[in-house]
Amino acid sequence: MTLYYGIKQILRSPLKSILFLLLAGVSAFLLVLGSSLWEINRTMLEEFEDLFMTVGTVEQKIDHVETYKIWDAGNGYEYGQRGIRGERIPSAVMDFEGAGYILEAKQRPNFGALVDQKAAAVSHMFMIVEATPIESGTADESFPMRAEKVLSGDEFELKAGDIFYICDHSMEEARSFEAGTTYIMMLNYVGMVVHGSRVEHIAPEDHVPEFIPVSSVASHQYTMEGERVYDAVAEAEEEHDIDIVTEGFYETERGKRWLEMAKTRDYLFYTVPVTPTDRTELLMPFYWKDAQISSGRDITEEEYAEGKPVCLISSSLAVLLRKEAGDKLTLPLYCADYSPTRKEGMWVSSILNAEGKAYPIFHEQEYEIVGIYTAASATRNGYELCINQVIIPWNAVPENSWADHIAGMGYMTGGNTSFEIPNGTIEDFMAAWEKQGVEELEIRFYDNGYTNLQTGLESRKLMAVIFLASGCILALMILCFFANTFITGQRQRIAVERLLGRTKGQCAFSLLTGFFLLAALGTAAGCGAGRMAADRAVEATEQTMEFDKAFSSAVIAQADTEEIEISGAGQKADAGTAVGAGIGLLLAAVLIGSGFMGQALRKEPLQILGELEE
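Parameters and conventions
- Residues numbered from 1 in each chain as written.
- Predicted model: local features only at pLDDT ≥ 70, side-chain atom pairs only at ≥ 80, totals over all residues.
- Heavy atoms only, no water.
- Helix = DSSP H or I, 4+ residues; strand = E, 2+ residues; numbered from the N terminus.
- Buried < 20%, exposed > 50% of the residue type's maximum accessible area, 1.4 Å probe, protein only.
- Areas by Shrake-Rupley, 256 points an atom, 1.4 Å probe, with all protein chains shown as cover.
- pLDDT = per-residue confidence, 0-100.
- Contact = heavy atoms within 4.5 Å.
- 1 Å grid on protein atoms, 1.4 Å probe; cavity = no way out; pocket = protein on both sides within 12 Å on 5 of 7 lines; lining within 4 Å.
- Points joined across faces, edges and corners; volume = space filled by probe spheres on them.
- Nonpolar A, V, L, I, M, F, W, Y, C, P; charged D, E, K, R; others polar.
- Core = buried A, V, L, I, M, F, W, Y, C linked by side-chain atoms within 4.5 Å.
- Pairing = 2+ DSSP bridges.
- Axes fitted to C-alpha atoms, helices over the stretch in contact; angles between N-to-C directions.
- Salt bridge = Lys/Arg side-chain N within 4 Å of Asp/Glu carboxyl O.
- Polar contact = N/O pair within 3.5 Å; in protein donor to acceptor, adjacent residues only side chain to side chain.
- Phe/Tyr/Trp six-rings, centres within 6.5 Å; stacked < 30°, edge-to-face > 60°.
- Lys NZ or Arg CZ within 6 Å of the ring centre and 35° of its normal.
- Patch = residues over 30% accessible without salt bridge, like charges linked within 9 Å, V, L, I, M, F, W, Y side chains within 5 Å.

**Q** So what exactly am I meant to see when it comes to the overall build of the chain here?
**A** Summing up its helical and strand segments, the chain has twelve helices and 22 strands in all. Residues counted as buried form 47% of the 614 residues belonging to the chain. With an accessible surface of roughly 29500 Å², the chain has 53% of that area assigned to carbon and sulfur atoms.

**Q** Whenever I open this one, the confidence of the model for the chain confuses me. Can you help?
**A** Looking at the chain as a whole, the pLDDT averages 80, with 76% of positions reaching at least 70. Averaged over each element, pLDDT in the chain is lowest for helix H12 (residues 605-613) (55) and highest for strand S19 (residues 390-393) (97). Scored below 50 in pLDDT, residues 543-570 shows 62 contacts in the model against residues more than four places distant or in partner chains.

**Q** Help me understand unusual backbone geometry in this model?
**A** Most peptide bonds take the trans form, and the phi angle of most residues other than glycine is negative. With a phi close to 50°, His 207 is a non-glycine residue in the positive phi region. Topologically, His 207 is positioned in the loop between strand S11 (183-193) and strand S12 (209-214). For His 207, a relative accessible area of 56% translates into the label exposed. Not every positive phi belongs to a glycine, and Asn 400 is a case in point at roughly 60°. Along the chain, Asn 400 falls in the loop between S19 and strand S20 (406-408).

**Q** How should I be thinking about empty space enclosed by the protein in this particular structure?
**A** Empty space left among the atoms is revealed by rolling a probe the size of a water molecule over them. In total, this model carries seven cavities of 30 Å³ or more according to the counting rule given. If you add up the space inside the largest cavity, you get close to 140 Å³. Lining the largest cavity we find 17 residues, and of these Arg 108, Leu 283, Thr 341, Gln 389 and Gly 415 sit closest to its centre. When the residues that make up the lining of the largest cavity are grouped by side-chain class, the tally is six nonpolar, nine polar and two charged.

**Q** What should I look at first to understand the nonpolar core in this one?
**A** Within soluble globular proteins, side chains that are nonpolar generally end up buried alongside one another. Residues Val 274, Ile 313, Leu 331, Val 390 and Trp 402 are the most contacted members of the largest nonpolar core, which totals 29 residues. Breaking this core down by element, the ones donating at least two residues are strand S5 (110-114), strand S14 (271-277), strand S16 (310-314), helix H6 (315-321), strand S17 (328-337), strand S18 (363-375) and S19. Broken down by element, this core gets its largest block of residues, four residues, from S17. The next biggest cluster of nonpolar side chains, apart from the first, holds 18 residues, and it includes Phe 126, Ala 131, Met 145 and Phe 164.

**Q** Quick question: what am I supposed to make of the sheet that holds strand S21 (residues 417-421) here?
**A** Sheet strands line up and pair through hydrogen bonds in the backbone, either parallel or antiparallel. The strand order S4-S21-S1-S22 describes an open sheet built from four strands, whose pairing is antiparallel. Two strands lie at the open edges of the sheet, namely strand S4 (103-107) and strand S22 (441-446), each paired on one side alone. Across the sheet, the axes of successive neighbouring strands diverge by a mean angle of 20°, strand direction being ignored. Bridging between strand S1 (residues 54-60) and S21 involves four bridges; their strand directions are antiparallel. Among the inter-strand pairings, Val 55 is bridged to a residue of S21, identified as Glu 420. Strands S1, S21 and S22 of the sheet are contacted by helix H7 (residues 426-434), whose axis makes an angle of about 170° with S22.

**Q** How should I be thinking about the pattern of salt bridges in this particular structure?
**A** Pairing of side chains with opposite charge becomes possible as their charged atoms draw close. Tallied over the full model, the rule gives 15 salt bridges. The closest approach of N and O atoms between Arg 85 and Glu 59, which form a salt bridge, is 3.2 Å. Residue Arg 85 is located in the loop between strand S3 (76-84) and S4, and its partner Glu 59 is located in strand S1; the two are separated by 26 residues in the primary sequence. Its relative accessible area of 27% is what places Glu 59 among the partly exposed residues. For Asp 278, the salt bridge goes to Lys 106, with nearest N and O atoms at 3.1 Å. Of this pair, Asp 278 sits in the loop between S14 and helix H4 (284-287) while Lys 106 sits in strand S4, and the two are 172 residues apart along the sequence. Overall, Asp 278 belongs to the buried group, its relative accessible area being 15%. Salt bridges sharing common partners tie together Glu 135, Glu 141 and Arg 198.

**Q** Whenever I open this one, the environment of Thr 277 confuses me. Can you help?
**A** Among the structural elements, Thr 277 can be located in strand S14. Residues Thr 277 and Gln 107, spaced 170 residues apart in sequence, show a C-alpha to C-alpha distance of 9.6 Å. Those residues in contact with Thr 277 that lie beyond four places of it in its chain are Arg 108, Leu 282, Tyr 304, Ile 391, Ile 392, Pro 393 and Trp 394. Reaching out from Thr 277, the side chain makes a polar contact with the backbone oxygen of Arg 279 at a distance of 3.1 Å.

**Q** Is there a simple way to explain the side chain of Thr 275 in this structure?
**A** Looking at the secondary structure, you find Thr 275 in strand S14. Side chain to side chain, Thr 275 and Gln 389 meet in a polar contact 2.4 Å long. With near-sequence residues (within four places) excluded, Thr 275 lies in contact with Arg 108, Pro 109, Asn 110, Leu 283, Gln 389, Val 390, Ile 391 and Ile 392.

**Q** Honestly, helix H3 (residues 253-263) in this entry has me stumped. Any pointers?
**A** Since the α-helix advances by 3.6 residues per turn, residues separated by three or four positions end up pointing in the same direction. For H3, the complete set of buried residues consists of Arg 254, Gly 255, Arg 257, Trp 258, Glu 260, Met 261 and Ala 262. Close packing links the buried residues of H3 with strand S6 (127-133), strand S8 (143-152), S11 and strand S13 (243-244).

**Q** Would you mind going over the packing of aromatic side chains with me for this structure?
**A** Any aromatic ring pair is given by two values, namely how distant the centres are and how the planes are angled relative to each other. Using the criterion set out here, one finds 20 aromatic pairs in the structure. Taken together, a centroid distance of 5.1 Å and an interplanar angle of 70° make the contact between Trp 288 and Tyr 383 edge-to-face. Residue Trp 288 is located in the loop between H4 and strand S15 (291-296), and its partner Tyr 383 is located in the loop between S18 and S19; the two are separated by 95 residues in the primary sequence. Side by side, Trp 288 and Tyr 383 carry an identical accessibility label, which is buried. Among the aromatic residues, ring-to-ring pairing joins Phe 96, Tyr 101, Phe 419, Phe 429, Trp 433 and Phe 445 into one connected group. Taking NZ or CZ as reference, Lys 118 lies 5.3 Å from the ring centre of Phe 269, over its face.

**Q** I would appreciate a short explanation of a nonpolar patch on the surface in the present structure.
**A** On the surface, a nonpolar cluster with roughly 280 Å² of combined accessible area is contributed by Val 579, Ile 583 and Leu 587. With respect to the secondary-structure elements, Ile 583 resides in helix H11 (residues 575-601).

**Q** Help me understand the environment of Asp 231, please; the structure alone is not making it clear to me.
**A** Position of Asp 231 among the secondary structure elements: in the loop between S12 and S13. By relative accessible area, which is 8% here, Asp 231 ends up buried. Apart from residues lying up to four places away in sequence, Asp 231 is in contact with Ala 218, Ser 219, Arg 257 and Ala 354. A polar side-chain atom of Asp 231 sits 2.8 Å from a polar atom in the side chain of Arg 257.

Pasting the structure below:
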């Protein structure tokens with residue numbers, strides 16, 4: 001009967017009831033739409049945090065350009081230009097307040113590790129010989145020499161008594177040689193054949209090789225600060241010096257160094273580069289998917305953090321060493337090189353330290369090969385991986401244990417210095433970086449379009465806040481207005497029912513039934529419509545987007561033009577969100593309605609009737 005009177009009361013004010021029903025539905029619609037979009041936005045951001053990674057690279061800028069010349073027997077002097085960087089800036093400058101790193105910026109060295117197979121893709125240094133010129137002259141074209149003694153090297157089966165040819169192609173000034181004088185030199189073969197007036201008797205089809213005398217006994221050892229270690233023996237030596245062999249020469253310091261180089265000459269053939277890092281994706285070929293795990297798995301975050309003895313090796317090295325994922329690989333590390341990597345393999349100017357000895361092993365342990373990777377043959381200049389490169393956790397090698405084994409030093413480049421920051425914090429990072437006042441470094445960011453994606457999500461988040469706030473404000477206003485209309489406006493009915501013997505509870509139930517019924521119907525309709533609208537909004541944005549990869553021309557760059565598929569697939573308005581919003585709205589209706597009802601029931605029936613008569 002109470003429900004009957006409640007419905008009857010609604011029907012007595014049809015316009016007011018319909019208006020309340022519609023407005024309650026609108027407020028529920030806004031609440032559900034806003035809360036659903038907020039929840040979908042939050043869920044998508046969480047998912048994208050796992051899909052995206054913001055990596056920055058550091059490169060020291062070119063300070064100026066200089067012109068150089070080299071000798072070429074066929075064309076004479078050839079001139080070119082090369083960029084020259086200024087004083088080397090250490091990676092320590094990247095440690096500044098406000099950086100907010102996930103993984104800090106470090107300039108990665110390549111460690112040289114000895115393996116039991118020839119792993120160098122190109123033989124840079126291969127023979128050390130004693131030789132005498134056939135005649136006096138200048139090596140500005142193929143110049144004949146006779147091998148007197150081969151101290152090391154047999155790639156071309158050069159032996160004592162053989163005639164071979166040298167040429168100073170890469171020198172600004174070709175060197176002169178005296179007949180009857182014995183020289184010791186290291187020979188490099190770069191694929192060229194003999195040429196010039198001294199070899200006219202040799203047919204071109206014979207393909208007689210030509211060698212370039214390279215290197216010397218000078219060490220190229222550096223400190224961790226990038227300073228070259230003083231080398232008294234080679235202090236006044238030119239870069240491409242060779243020596244004259246006289247009686248007692250091998251008892252001199254320079255002679256002993258030549259013997260040491262000859263003894264350890266095979267080191268570089270059996271050397272593979274080992275790169276320590278804090279995450280595989282900090283190596284840009286892996287970030288760009290130019291290199292991918294083809295067998296096994298990647299190194300885990302825990303293994304990186306704890307410095308576990310695990311590694312990744314290239315597919316070419318796996319074939320060379322006959323290794324598979326799960327096998328063990330011992331890596332005796334003997335030198336470190338901070339120069340940019342070469343695709344062909346690791347190469348250092350000298351494997352002799354400042355004391356004239358080959359670098360000894362500074363760290364050796366057995367690693368588990370957890371994964372084998374394959375790198376694309378097409379390379380991005382300056383970012384390529386070496387053919388036989390090994391990747392290990394940075395913490396797997398004791399910090400700075402290689403301090404006395406640095407055989408090469410270079411500048412920070414995008415290929416050897418990178419870091420990770422939280423997604424969406426590029427502007428904050430650059431604001432903090434600009435305060436440092438370091439203009440010689442260029443920082444580039446790669447986030448696969450997260451910055452643009454975040455802008456879209458932030459816009460949707462703002463829209464959700466507007467809907468949610470509007471729904472809350474509208475709901476409160478509507479409930480307060482109509483509660484006052486339905487309850488305070490029925491004071492006479494309250495007084496009459498009280499005089500007829502009804503309790504306060506029965507009066508409240510009778511009067512609030514219609515109010516709650518309209519609120520429930522409007523809320524149910526609005527929640528359903530809000531959920532459908534949220535689904536439509538997600539479907540409208542569920543499409544493949546190709547992001548403009550440029551955050552700004554100076555700050556962010558994306559070399560990868562591949563489309564990145566971002567969608568809200570599987571993102572639907574959660575029914576729980578709609579139900580929660582509806583329940584919240586109904587609870588508000590109960591509280592507000594009960595509040596107004598309580599105010600009306602505090603007065604006695606006769607007092608109410610007296611006020612109405614007045």
